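The primary structure of each chain is shown beneath.
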Amino acid sequence: MKRRDLHKLVKEAIAEIKQEELQQEGKLGRFLGGAALLAALLMGNARLNDKIYDQSPKLKVLVQNLEKAKEAGNEELVDKIEKQIKFQKIRIDVNR
């Protein structure tokens, strides 16, 4: 193999490697962009849920009762109210 042919072959190999690196960087960029979008959507959804939950009078009363039960040390009542809060949030989400 002549030196010129070898030099050309090495240049082509380097060009291929650079192209593969660029493709990998593109994939990583798309993946990170998708992950950032997902995080933003989840954060927005959580804020929306908090706002909706804040507008529920029944949920407010349940949370107040939960605090009182915790202060009193009544674990049985705490468990019961936590279940009620969970189901109330589900009802709110379903009706949204």
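Up top is the structure these notes are about.
The following refers to the structure shown. This structure is a prediction, so every number in the text was calculated from the model and none was measured.

## With respect to the overall build of the protein
Secondary structure assignment for the protein yields 3 helices and 0 strands. Looking at the 96 residues of the protein, the share that counts as buried comes to 12%. When contacts within the protein are restricted to residue pairs at least 6 apart in sequence, those whose partners lie at least 24 apart make up 51%. Entry remark: accessible area of the protein is about 8,400 Å², with carbon and sulfur atoms responsible for 58%.

## Some words on a negative patch on the surface
A surface patch of like charges, here negative, comprises Glu12, Glu16, Glu20, Glu21 and Glu25. By secondary structure assignment, the location of Glu25 is in helix α1 (residues 3-54).

## Topic: the packing of aromatic side chains
Taken as a whole and assessed by the stated rule, the structure comprises 0 aromatic pairs. The lysine or arginine in question, Lys86, covers the ring of Phe87, its NZ or CZ lying 6.0 Å from the ring centre.

## Regarding the nonpolar core
Where a protein is soluble and globular, its nonpolar side chains tend to be buried together. Counting 8 residues, the largest nonpolar core consists of Leu59, Leu62, Leu66, Ala69, Val78, Ile81, Ile85 and Ile92. At the level of secondary structure, the elements contributing two or more residues to this core comprise α2 (57-72) and α3 (75-95). Each residue touching Ala69, except ones within four places of it in the same chain, is listed here: Asn74, Leu77, Val78 and Ile81.

## With respect to α2
In an α-helix, one full turn covers 3.6 residues, which means residues spaced three or four apart are oriented alike. With 16 residues, α2 extends 23 Å from end C-alpha to end C-alpha; this agrees with the ideal 22 Å at 1.5 Å per step. Every buried residue of α2 is accounted for by Leu59, Leu62, Leu66 and Ala69. Around the axis of α2, the buried residues are gathered within 80° of arc, so they sit on the same side. Seen from the buried face of α2, the exposed residues on the opposite side, beyond 90 degrees, are Pro57, Lys68, Glu71 and Ala72. Positive backbone phi, at 80°, marks Gly73, one or two positions downstream of α2.

## Remarks on the side chain of Ser56
Within the element layout of this structure, Ser56 appears in the loop between α1 and α2. In this structure the side chain of Ser56 is engaged in a polar contact, spanning 3.2 Å, whose partner is the backbone nitrogen of Leu59. The contact partners of Ser56, leaving out residues within four places of it in the chain, are Gln88 and Ile92.

## Structural notes on the side chain of Gln88
Along the polypeptide, Gln88 turns up in helix α3. Aside from chain neighbours lying at most four places away, what touches Gln88 is Ser56, Lys58, Leu59 and Leu62.

Parameters at a glance
Residues numbered from 1 in each chain as written. Predicted model: local features only at pLDDT ≥ 70, side-chain atom pairs only at ≥ 80, totals over all residues. Heavy atoms only, no water. Helix = DSSP H or I, 4+ residues; strand = E, 2+ residues; numbered from the N terminus. Buried < 20%, exposed > 50% of the residue type's maximum accessible area, 1.4 Å probe, protein only. Contact = heavy atoms within 4.5 Å. Areas by Shrake-Rupley, 256 points an atom, 1.4 Å probe, with all protein chains shown as cover. Patch = residues over 30% accessible without salt bridge, like charges linked within 9 Å, V, L, I, M, F, W, Y side chains within 5 Å. Salt bridge = Lys/Arg side-chain N within 4 Å of Asp/Glu carboxyl O. Lys, Arg positive; Asp, Glu negative; His and termini not counted. Charge placed at Lys NZ, Arg CZ, Asp CG, Glu CD. Phe/Tyr/Trp six-rings, centres within 6.5 Å; stacked < 30°, edge-to-face > 60°. Lys NZ or Arg CZ within 6 Å of the ring centre and 35° of its normal. Core = buried A, V, L, I, M, F, W, Y, C linked by side-chain atoms within 4.5 Å. Expected span 1.5 Å × (residues − 1). Arc of directions from axis to C-beta. Polar contact = N/O pair within 3.5 Å; in protein donor to acceptor, adjacent residues only side chain to side chain.

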